[in-house]
Amino acid sequence: MTMPVFRFAPSPNGHLHVGHALSALLNARAAIALEGRFLVRVEDIDQTRCTSQLEEEMFEDLAWLGVPLDEPVLRQSENFSHYRSALEKLQDMGVVYPAYLTRAEIKRFVSSFEERGQAWPRDPDGAPVYPGDDAVLSDEERKKRADSDAPFALRLDMKAALQKLGKQLTWKEVGAEGKALFERSRQIPVDAATWGDVVLARKDTPTSYHLSVVVDDARQGITDVLRGLDLYHATSVHRVLQELLGLPEPLYRHHRLILGEDGRKLSKSNQDTSLRSLRQGGLTHVQLRKMIGL
Ligand code: GLU
């Protein structure tokens, strides 16, 4: 049997909150229980919002939490060439296209559609599925944008990708806590069509969350992806990309979410639940563990 390798993959675009603490602690516990390793990946592809100061503070929070980390740390901003080659591989397969619609144009198109009483499909995160440039722009306008310096996103042609794979994909899901860690995996059918044509890169950024996560899980030799249930459905996209790129399939473990008092997902902008402010307010890490049900 290979040694399990877990990872915690936060973005230093704000302070870690109690939800991140749960994720980091569950990964650390699972790595210990299964005699594996526990790596950190800094997901800092958004260079406008991620800062080295926030990254430093993130490591301070992790040290305070007392999670034992293994080396090396992978920093996505230092790995753009790897995402670029994965993207080129997908382009060579003919499953990537440049998409020129702006956010405002997508919004306008979807509202005009919905005003007529028809529902426009939404992805599992609630965002409208990309309508395709030809649904909105004239041939002439599309050509004009392609020939100009207009911004674009490189999107996965999901239909073409699924056709190329030509089989029903699945992923293996296992429990994230306690005894469930040791259970047998369940096969979950992949439903990537509901995501539509996801963004893989942009004109000025050679990658996106979906692309870099699969490339890095493979590069770091991650065998067990343990993350929040908010990313459960994203696993379908990740499995499609893994199959297209010939990357190994890790086991997936999705953990419960800690919701705010309003019943919503916690956000990095809410200072009340940031580990930093709780710590500065005198909370101990033992009290924190109790607070998040560990
Ligand atoms: N960077 C993502 C986040 O902070 C996590 C990515 C993952 O675990 O796949 O939500």
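A few points on the structure. (Residues numbered from 1 in each chain as written. Predicted model: local features only at pLDDT ≥ 70, side-chain atom pairs only at ≥ 80, totals over all residues. Heavy atoms only, no water.)

## Concerning the sheet that holds strand 8 (residues 199-202)
Note the following rule: The pairing criterion for strands is at least two bridges between them, as found by DSSP. Numbering of helices and strands starts at the N terminus; helices are DSSP runs of H or I of at least 4 residues and strands are runs of E of at least 2. Note on geometry: axes are C-alpha line fits, over the in-contact stretch for helices, and angles between N-to-C directions span 0 to 180 degrees. In this analysis, two residues are considered to be in contact whenever any of their non-hydrogen atoms come within 4.5 Å of each other.
Strand order in this open sheet of three strands is 4-5-8, and the pairing throughout is antiparallel. On the outer flanks of this sheet lie strand 4 (96-99) and strand 8, each paired with one strand and no other. In this sheet, adjacent strand axes meet at a mean angle of 30° when their direction is disregarded. In this structure, strand 4 lies alongside strand 5 (residues 153-156), joined through four bridges in antiparallel fashion. Across the sheet, the residue bridging to Y97 is R155, located in strand 5. Sheet contacts for helix 3 (residues 80-92): strand 4, strand 5 and strand 8; angle to strand 8, the most-contacted strand, approximately 115°.

## A short note on the packing of helix 7 (residues 158-165) against helix 9 (residues 234-245)
Just so we agree on the cut-off: The labels follow the angle: roughly parallel below 35 degrees, roughly antiparallel above 145, roughly perpendicular from 65 to 115, and oblique for the rest. It is the rotation of the near helix from the far one that decides the hand of a crossing: anticlockwise by less than a right angle makes it left-handed, clockwise makes it right-handed. Throughout, the ten residues Ala, Val, Leu, Ile, Met, Phe, Trp, Tyr, Cys and Pro are labelled nonpolar, Asp, Glu, Lys and Arg are labelled charged, and all others, Gly among them, are labelled polar.
Taken N-terminus to C-terminus, the directions of helix 7 and helix 9 make an angle of 55°; their axes are 10 Å apart at the nearest point. By the criterion of interaxial angle, the relationship of helix 7 to helix 9 is oblique. Judged by the twist between their axes, the crossing of helix 7 over helix 9 is left-handed. Residues M158, A161, L162, K164 and L165 of helix 7 touch helix 9, and the partners they reach there are V240, E243 and L244. Here the contact of helix 7 with helix 9 is built from residues that sort into six nonpolar, no polar and two charged.

## Brief notes about the nonpolar core
The line we're drawing: For the purposes of this section, nonpolar cores are sets of buried Ala, Val, Leu, Ile, Met, Phe, Trp, Tyr and Cys residues that join through side-chain atoms within 4.5 Å. When a residue's accessible area, from a 1.4 Å probe over protein chains only, is under 20% of the maximum for its type it is buried; when over 50% it is exposed; and in between it is partly exposed.
Counting residues in each nonpolar core, the largest one holds 38 residues, and the members touching the most others are L90, L156, L200, L211, V240 and L244. Those elements that place two or more of their residues in this core are helix 3, strand 5, helix 7, strand 8, helix 8 (209-219) and helix 9. In contact with L156, other than residues within four places in its own chain, are V95, Y97, A161, D197, V198, L200, V240, L241 and L244. Listed in part, the 28 residues of the second largest apolar core include L22, A24, A31 and L266.

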